[in-house]
Amino acid sequence: MGILARSRLFISNSSMMTFFKKILFFLSPLPLIFVIPIIVLILGREYISIDQALGMQMKYSDSLFGFVYNDQSFISYKQALVEYKNPEIIALGTSRVMQLRKEFFVRQDMFINAGGGAENLNDVSQFIQNLSATSSVKVILLGLDQDMFTSKENTFSYLPRKTNFFDVWKHILFTNIRKIYTDYARKKYSLQELLRKQSGHSIGIAAIIRGDGFRSDGSYRYGRIIEETDMAPRVQQQIQDTLSAMKYGRYASFMTSGHEENNIETLRSILKLAKSKHIEVVGFSPPYPSKLYAHMKDSKEYSGTINLLPKHIKQVFNNAGFTFFDFSDITLFNAPDTEFIDNIHASDKMHIRMLIVLTENIPSLKKYIDVKILRTMLDSSKENILTF
């Protein structure tokens, strides 16, 4: 019986080993699902940390930074960029201020665009608070979107930047592997195309493939828009779609909400914080296409945001000893609708027009901005956006 039992045990173990071999054979292709994503991430330089990306941008002036799958916070990138460059003047706000560029300033090394570094007022406060005691920042051009004041939620968007190599890889692969395969199947890029473009210095799929990404000064380059022969039809359609959405109440974030006073109080604390750091804040509200502005101005749901809110903001700035300009209406600074790159984002040319108004009215900005140079840029450019 003992011999028989041992024999049965041997047979049982042998069968089990066969079973395990079959399971391993069945599972062996699974690691292969990571092969294409890993190649894409390597060729697209998506695995690079923010600190490494900044190092490349410091070395190569033509380097663009545009991740697609490595979704580390752009707020972290902009905070790090300001730390690295230590400029005297920065633009801060949402994506609607990203078209301010170093070429608009007397010395190009004195400016950094931190647009995208603040999605809401608490982000603005956190960004300023994070400026080190040795920071050279003396002026902040602060873009204040209307929905920063109508929003109930004003939570922090800031996330610490990932520096551990394995944390970065693990996060990208397990978070975005499906998206990588979907984009690859839809032929948004190919391995051959990524290989052909390895000689460049850009970082991230968007930057390498489309030419979309942050320049070394923090401003954003829309590669696809620059290459458009005529962007007017697309922009006009986007404006019309936005108007339709507004009429059906699908742009609620821009409606008067009742949360404005709490957010105004947050703004007061921001200006107080800036003053304690000896930083001058020049505030402005970004512009809207004329059709959108006219609709909001005359609409019961949006009129408070457009007509009354800027007056409250201006008063807060005046009380703090700072200046605020409302650029919502483009006719006030002679800007054409053709200088919008989409339904809410003004082009770099329109930002030149706004800078001229600010500099002509705020003497302290003349140290940083030469209006004559800006006017020459406008006169010499025949397109609706700058192409350099």
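These numbers were taken from a predicted model, which means no experiment stands behind them.

**Observations regarding the environment of Phe111**
Right, on to step 1. Within the secondary structure layout, Phe111 lies in strand S2 (residues 111-115).
Right, on to step 2. Here Phe111 falls in the buried class, since its relative accessible area comes to 1%.
Right, on to step 3. Beyond its immediate sequence surroundings of up to four residues, Phe111 is in contact with Pro87, Ile89, Ile90, Ala91, Leu100, Arg101, Lys102, Phe105 and Asp217.

**Some remarks on the pairing of strand S3 (residues 139-143)**
Right, on to step 1. Among the five residues in S3, five count as buried, and that is most of the element.
Right, on to step 2. Of the two faces of S3, the one carrying Val139, Leu141 and Gly143 and the one carrying Ile140 and Leu142 are both buried.
Right, on to step 3. Here strand S1 (residues 89-93) runs beside S3; their pairing, made up of four bridges, is parallel. When the sheet's bridge partners are listed, Ala91 is paired in S3 with Leu141.

**Digging into helix H2 (residues 35-43)**
Right, on to step 1. Within H2, burial applies to Pro37, Val40, Leu41 and Leu43.
Right, on to step 2. Two residues or fewer after H2 comes Arg45, characterised by a positive phi angle close to 55 degrees.

**Some remarks on a nonpolar patch on the surface**
Right, on to step 1. Judged by side-chain polarity, Leu32, Val35 and Ile39 come together as a nonpolar surface patch covering roughly 250 Å² of accessible area.
Right, on to step 2. Along the chain, Ile39 falls in helix H2.
Right, on to step 3. Judged by its relative accessible area of 33%, Ile39 falls in the partly exposed class.

**Observations concerning the pattern of salt bridges**
Right, on to step 1. Counted by the stated rule, this structure contains 15 salt bridges.
Right, on to step 2. A salt bridge links Arg268 to Glu261; its shortest N-O distance comes to 3.5 Å.
Right, on to step 3. Taking relative accessible area as the criterion, Arg268 reaches 35% and is therefore assigned partly exposed.
Right, on to step 4. With a shortest N-O distance of 2.6 Å, Glu360 and Arg375 are connected by a salt bridge. Taken together, the residues span a long stretch of sequence, with Glu360 in helix H15 (residues 348-361) and Arg375 in helix H16 (residues 371-380) at a distance of 15 residues.

Rules behind the numbers
- Residues numbered from 1 in each chain as written.
- Predicted model: local features only at pLDDT ≥ 70, side-chain atom pairs only at ≥ 80, totals over all residues.
- Heavy atoms only, no water.
- Helix = DSSP H or I, 4+ residues; strand = E, 2+ residues; numbered from the N terminus.
- Buried < 20%, exposed > 50% of the residue type's maximum accessible area, 1.4 Å probe, protein only.
- Contact = heavy atoms within 4.5 Å.
- Pairing = 2+ DSSP bridges.
- Patch = residues over 30% accessible without salt bridge, like charges linked within 9 Å, V, L, I, M, F, W, Y side chains within 5 Å.
- Areas by Shrake-Rupley, 256 points an atom, 1.4 Å probe, with all protein chains shown as cover.
- Salt bridge = Lys/Arg side-chain N within 4 Å of Asp/Glu carboxyl O.

None of this, on its own, says anything about what the molecule does.
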